[in-house]
Amino acid sequence: MENHYKPKLDLLSGRVVLVTGASRGIGAAAAKKYAAHGATVILLARTVKNLETLYDEIEQAGYPKPAIYPMNLANATPKDYEELMQNIDKHFGRLDGLLHNAALLGSLTPLEHYPIEQWYQVLQVNLHSAFLLTQFTLPLLKRAQNASIVFTSAPVGQQGKAYWGAYGVSKFGIQGFMQTLADELETNTTIRVNAINPGRVRTNLRSSAYPAEDPTLSPAPDAILSRYLYLMGADSIGVNGKTFDLF
């Protein structure tokens, strides 16, 4: 599909899409691509400067005006998620799409020696925030026609690998959460829920995990976005509970 899917330019026209981890990497690239196909994108991340840069790029390209929502998922409380939901409701009245992309790597350490506070933090950002954000935005997603929830997964979330610690465990959790949510929403809603396992991509997280690797050997985020577009747009209506491997 990466080479053959040709989405219409207006694939996401009129749709409101929230992207977490939107300040860089896959999140930033996906947000810009969604905007290029007509979506009003809500950019959520903790780094305001990077969000402002992306905001300017989207606006200068003539795409629909995005919205910035600075939020640190590492210490966000249920009240913070409730306020986010209320702000989206106030300004847009619904939510058509949600891309869960924010993630922390943590350290590549044997579980026996894994730092406890770091374990809590990685699980909070990578897994618990996805649960909280989904729970609080589901009423808005249910108002939309054929809303889509997409998770970014990882190879170490499908097959355990030594030393990947909290990151690997959190991605296993994302797989289970996605499948459970998809099964729960399939009967009584039009919301579809899927995951993408992008594999090797040129991101800061990849560089941190493999510092000796030549980054040019990995595709840039822009090169792997066809599936992200497909799952967020109407062409994927009826697709639910699937994980798509891009490698």
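Not measured: the values here are computed from a predicted model. (Residues numbered from 1 in each chain as written. Predicted model: local features only at pLDDT ≥ 70, side-chain atom pairs only at ≥ 80, totals over all residues. Heavy atoms only, no water.)

On to helix α2 (residues 48-60). An ideal rise of 1.5 Å per residue puts 18 Å on 13 residues; α2 measures up with 18 Å between its terminal C-alpha atoms. Along α2, the positions that sit buried rather than exposed are Leu51, Leu54, Tyr55 and Ile58. When α2 is viewed along its axis, its buried side chains cluster within an angular range of 105° and face the same direction. Along α2, exposed side chains directed more than 90 degrees from the buried face belong to Lys49 and Gln60. Those residues of α2 that are buried are in contact with α1 (25-36), β2 (40-45) and β3 (67-70). Phi turns positive, to about 85°, at Gly62, one or two residues after α2. (Helix = DSSP H or I, 4+ residues; strand = E, 2+ residues; numbered from the N terminus. Expected span 1.5 Å × (residues − 1). Buried < 20%, exposed > 50% of the residue type's maximum accessible area, 1.4 Å probe, protein only. Arc of directions from axis to C-beta. Contact = heavy atoms within 4.5 Å.)

Our next topic: the pattern of salt bridges. Taken as a whole and judged by the stated rule, the model has 4 salt bridges. A salt bridge links Glu83 to Lys79; the nearest nitrogen and oxygen atoms lie 2.5 Å apart. Remark: Lys79 and Glu83 occur in helix α3 (residues 78-91); sequence separation between them is 4 residues, near one turn of the helix. In this structure Glu83 comes out as partly exposed when scored by relative accessible area, which is 30%. The exposure class assigned to Lys79 is exposed, which follows from its relative accessible area of 52%. Taking the shortest distance from any N to any O, the salt bridge between Arg94 and Asp96 comes out at 3.0 Å. (Salt bridge = Lys/Arg side-chain N within 4 Å of Asp/Glu carboxyl O.)

What follows concerns the packing of aromatic side chains. This model, assessed by the stated rule, comprises 6 aromatic pairs. Relative to Tyr230, the ring of Tyr5 has its centre 5.5 Å away and its plane inclined at 80°; by these criteria the two rings are edge-to-face. Of this pair, Tyr5 sits in the segment before β1 (16-20) while Tyr230 sits in helix α7 (residues 226-232), and the two are 225 residues apart along the sequence. Measuring from centroid to centroid gives 6.5 Å for Tyr81 and Phe136, while their planes differ by 15°, and the two rings are stacked. Of the two residues, Tyr81 is situated in helix α3 and Phe136 in helix α4 (residues 116-143); the sequence distance between them amounts to 55 residues. No difference in accessibility class separates Tyr81 from Phe136, as the two residues are buried. Joined through ring pairs, the aromatic side chains of Phe131, Phe151 and Phe177 make up one cluster. (Phe/Tyr/Trp six-rings, centres within 6.5 Å; stacked < 30°, edge-to-face > 60°.)

The strand order β3-β2-β1-β4-β5-β6-β7 describes an open sheet built from 7 strands, whose pairing is parallel. The strands lining the two open edges of the sheet, one partner per strand, are β3 and β7 (243-245). Averaged over all pairs of adjacent strands, the angle between their axes in this sheet comes to 15°, without regard to strand direction. In the sheet, β2 pairs with β3 via 4 bridges, with the strands oriented parallel. Directly across from Leu44, in β3, lies its bridge partner Tyr69. Docked against the sheet, α3 engages β1, β2 and β3, running at close to 170° with respect to β3. (Pairing = 2+ DSSP bridges. Axes fitted to C-alpha atoms, helices over the stretch in contact; angles between N-to-C directions.)

Right, let's talk about empty space enclosed by the protein for a bit. In the structure shown here, the tally under the stated rule is 1 cavity of 30 Å³ or more. What the largest cavity holds in volume is close to 100 Å³. In terms of lining residues, the largest cavity is bounded by 15 residues, among which His100, Asn101, Ala102, Asn126 and Ala130 are the most central. Of all the elements in the fold, those that place two or more residues in the lining of the largest cavity are α4, β5 (148-152) and α5 (165-186). Grouping the constituent residues of the lining of the largest cavity by class yields 8 nonpolar, 6 polar and 1 charged. (1 Å grid on protein atoms, 1.4 Å probe; cavity = no way out; pocket = protein on both sides within 12 Å on 5 of 7 lines; lining within 4 Å. Points joined across faces, edges and corners; volume = space filled by probe spheres on them. Nonpolar A, V, L, I, M, F, W, Y, C, P; charged D, E, K, R; others polar.)

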